[in-house]
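Residues per chain are reported as follows:
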Amino acid sequence: MLRKKEESDAPELWIATDRIALPSQTDFYARLKDVLDGMDFGSQVRALCEPYYSSKSNVRPPIDPEVYFKMLMVGFFENIGSERGIASRCADSLSVRSFLRYELTERLPDHSTLSVIRHRLPASLYASVFELVLSELRRVGLVRGKHLGVDSSVLEANAALRSLTHRLTGERYASYVRKLAKAAGVNPDDAAAVARFDRKRPGRKTSNDEWYNPHDPDANVSIDKHGATDMLYKTEHVVDLETGAILAVTTLPANHGDTEGLNDRVGEALVRLQDIGASEAETITADKGYHKASEITALQARGLRTVIPDRQQKRVRKNYTNEEWAAIERAAEVVRETEGKELLRKRGQHIERSFA
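This one's a predicted model, so the numbers in the text were calculated from it and none came from an experiment. (Residues numbered from 1 in each chain as written. Predicted model: local features only at pLDDT ≥ 70, side-chain atom pairs only at ≥ 80, totals over all residues. Heavy atoms only, no water.)

Novice: Looking at this model, I keep getting lost on the overall build of the chain. Mind explaining?
Specialist: Counting its secondary structure elements, the chain contains 13 helices and eight strands. In terms of overall size, the chain is more extended than a compact globule, its C-alpha atoms giving a radius of gyration of 26 Å where 356 residues would be expected to give roughly 21 Å. Referenced to the eigenvectors of the C-alpha coordinate spread, the extents of the chain come out at roughly 80 × 65 × 60 Å. Evaluated residue by residue, the chain yields a buried proportion of 40% over its 356 residues. In the chain, the share of contacts with a sequence separation of at least 24, taken over all contacts with a separation of at least 6, comes to 66%. For the chain, the accessible area works out to roughly 21,800 Å², and carbon and sulfur atoms hold 49% of it. (Helix = DSSP H or I, 4+ residues; strand = E, 2+ residues; numbered from the N terminus. Rg over C-alpha atoms; globule rule 2.2 N^0.38 Å. Buried < 20%, exposed > 50% of the residue type's maximum accessible area, 1.4 Å probe, protein only. Contact = heavy atoms within 4.5 Å. Areas by Shrake-Rupley, 256 points an atom, 1.4 Å probe, with all protein chains shown as cover.)

Novice: What is the right way to read the packing of helix 10 (residues 262–275) against helix 11 (residues 293–301) from this model?
Specialist: A pair of packed helices is captured by two measures, namely the crossing angle of their axes and the spacing between those axes. Their axes nearest at 9 Å, the elements helix 10 and helix 11 cross at an angle of 30°. Between helix 10 and helix 11, the interaxial angle falls into the category roughly parallel. Contacts between helix 10 and helix 11 involve Leu262, Asn263 and Val266 on the former and, on the latter, Glu295, Ala298 and Leu299. (Axes fitted to C-alpha atoms, helices over the stretch in contact; angles between N-to-C directions. Parallel < 35°, antiparallel > 145°, perpendicular 65-115°, else oblique.)

Novice: Looking at this structure, I do not really get unusual backbone geometry. What am I missing?
Specialist: Phi is mostly negative for residues that are not glycine, and the peptide bonds are mostly trans. Of note, the phi angle at Asp40 is positive, near 55°, even though the residue is not glycine. Topologically, Asp40 is positioned in the loop between helix 1 (28–38) and helix 2 (41–49). Residue Asp40 is classed as partly exposed on the basis of its relative accessible area, which comes to 41%.

Novice: Looking at this structure, I do not really get the environment of Ala281. What am I missing?
Specialist: With respect to the helices and strands, the residue Ala281 is situated in the loop between helix 10 and strand 7 (283–285). The class of Ala281 is buried, set by a relative accessible area of 13%. Residues Ala281 and Thr321, spaced 40 residues apart in sequence, show a C-alpha to C-alpha distance of 26 Å. Those residues within four positions of Ala281 in sequence are excluded, and the remaining contacts are Gly145, Lys146, Leu148, Leu270 and Leu304.

Novice: How should the state of the cysteines be read in this particular structure?
Specialist: Here a disulfide denotes one covalent bond, and it connects the sulfur atoms of two cysteines. Using the criterion set out here, one finds zero disulfides in the structure. Unpaired in terms of disulfides, Cys49 finds its nearest cysteine sulfur in Cys90, a separation of 17 Å. Exposure remark for Cys49: the relative accessible area of 0% places this residue in the buried category. (Disulfide = S-S within 2.5 Å.)

Novice: In this structure, what is going on with the pattern of salt bridges? I would like to understand it.
Specialist: Evaluation of the coordinates by the stated rule reveals 20 salt bridges. Ionic pairing is found between Glu337 and Arg305, a salt bridge with its closest N-O pair at 2.7 Å. Of this pair, Glu337 sits in the loop between helix 12 (322–336) and helix 13 (338–355) while Arg305 sits in strand 8 (residues 305–307), placing them 32 residues apart in sequence. Residue Glu337 is classed as partly exposed on the basis of its relative accessible area, which comes to 28%. (Salt bridge = Lys/Arg side-chain N within 4 Å of Asp/Glu carboxyl O.)

Novice: Would you explain the pairing of strand 1 (residues 147–156) in this entry?
Specialist: Side-chain positions along a regular strand alternate between the two faces of the sheet. Taken across its 10 residues, strand 1 has seven buried, putting it largely inside the fold. Relative to strand 5 (residues 229–240), strand 1 runs antiparallel, the two sharing nine bridges. In the strand pairing of strand 5, Leu155 is matched with Tyr233. (Pairing = 2+ DSSP bridges.)

Novice: Would you mind going over the nonpolar core with me for this structure?
Specialist: Note that soluble globular proteins tend to have their nonpolar side chains buried in a common cluster. Ranked by internal contacts, the top residues of the largest apolar core, which has 28 residues, are Phe41, Phe69, Cys90, Phe99, Leu100 and Leu121. Elements that contribute at least two residues to this core include exactly helix 1, helix 2, helix 3 (65–77), helix 4 (83–92), helix 5 (94–100), helix 6 (111–120) and helix 7 (123–139). With six residues, helix 3 is the single largest residue contributor to this core. Among all residues touching Leu100, those that are not within four sequence positions of it are Val67, Lys70, Met71, Cys90 and Leu108. Residues Leu134, Ala245, Leu262 and Ile284 belong to the second largest nonpolar core, which totals 25 residues. (Core = buried A, V, L, I, M, F, W, Y, C linked by side-chain atoms within 4.5 Å.)

Novice: Teacher, can you tell me more about the packing of helix 3 against helix 7 here?
Specialist: Packing of helix 3 against helix 7 brings their axes to within 13 Å, and their N-to-C directions diverge by 75°. Considering the angle they form, helix 3 stands roughly perpendicular to helix 7. Residues Tyr68, Phe69 and Leu72 of helix 3 form the contact with helix 7, whose participating residues are Leu125, Tyr126 and Val129. Here the contact of helix 3 with helix 7 is built from residues that sort into six nonpolar, no polar and no charged. (Nonpolar A, V, L, I, M, F, W, Y, C, P; charged D, E, K, R; others polar.)

Novice: I would appreciate a short explanation of the pairing of strand 6 (residues 246–253) in the present structure.
Specialist: As paired strands, strand 5 and strand 6 are joined by seven bridges and run antiparallel to one another. Looking at the pairing, Glu236 lines up with Thr250 of strand 6. As consecutive antiparallel partners, strand 5 and strand 6 are separated by five residues, and within that stretch Gly244 has a phi angle of approximately 85°, a positive value.

Structure representation (structure tokens):
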């Protein structure tokens, strides 16, 4: 017979810790904790962070940097996009508390504390911690580095379109649209009518050269994957196509072209692979949006075989130098080979997963 689970009428005031139902030891975070302990992650992170913390004994003890970076891992693995959400999740979960070495009676770091630490530590330190993890992945065979894949996706900014401000006049976008709506005979006090007018008005254009969000000036107005207009960034991953390990992450303006500066970004990933002692890269695979003659030529000059399909069916030979034309033909040949087709299949498998 099914029974409804009821709350206890008289809950116990004191419960021995050995009576608490703990997560199974096969839990993901328990296994991750063992791996990080095995590589002495905490000691290495504290050594990297030490120059950025006060050595005075009369100040309030800071949050352990190991805890901070572990909380960021929780946000990554569970796709939590805010520090407030990360702090809430860590406080609510027994398995995450154990992962962070926090007892039930201990208060976890507040989201505002995470924000303070994020601003205190430079980007170079995050890169060093990233390389620390990659070095361990390479040691256990999860980074091989021979076949690389690259792709990008849009990332929603922490900014709203309604806060857009004109760069020259300082006028808010909402006021600007209401003024246009009034001139067109639409009631400016009817928010729904103004929104419909804005969506359908002829010549509608929101240029990033004219408009910006004062709360996030680097975010761009762009189109997301669902066709909606929003404040966005673009994030790009370089991935090991044999294992799926993320080797490099770059955040770019949403209107940044995929091909622009591709050779330089791939070069940074190659330097990182060299720093951790991985194999020398042999191929770079991307979708047709990354096909540009000058970038393909530069990548092949690094000794990489470019597995990048050509989005143009017919190219005009006279528009390219001899070196560029030869690079285009080599790229097309590799795409037709069995190995090229297999690498393109792996690109879809591993890179799309890294964005999920």
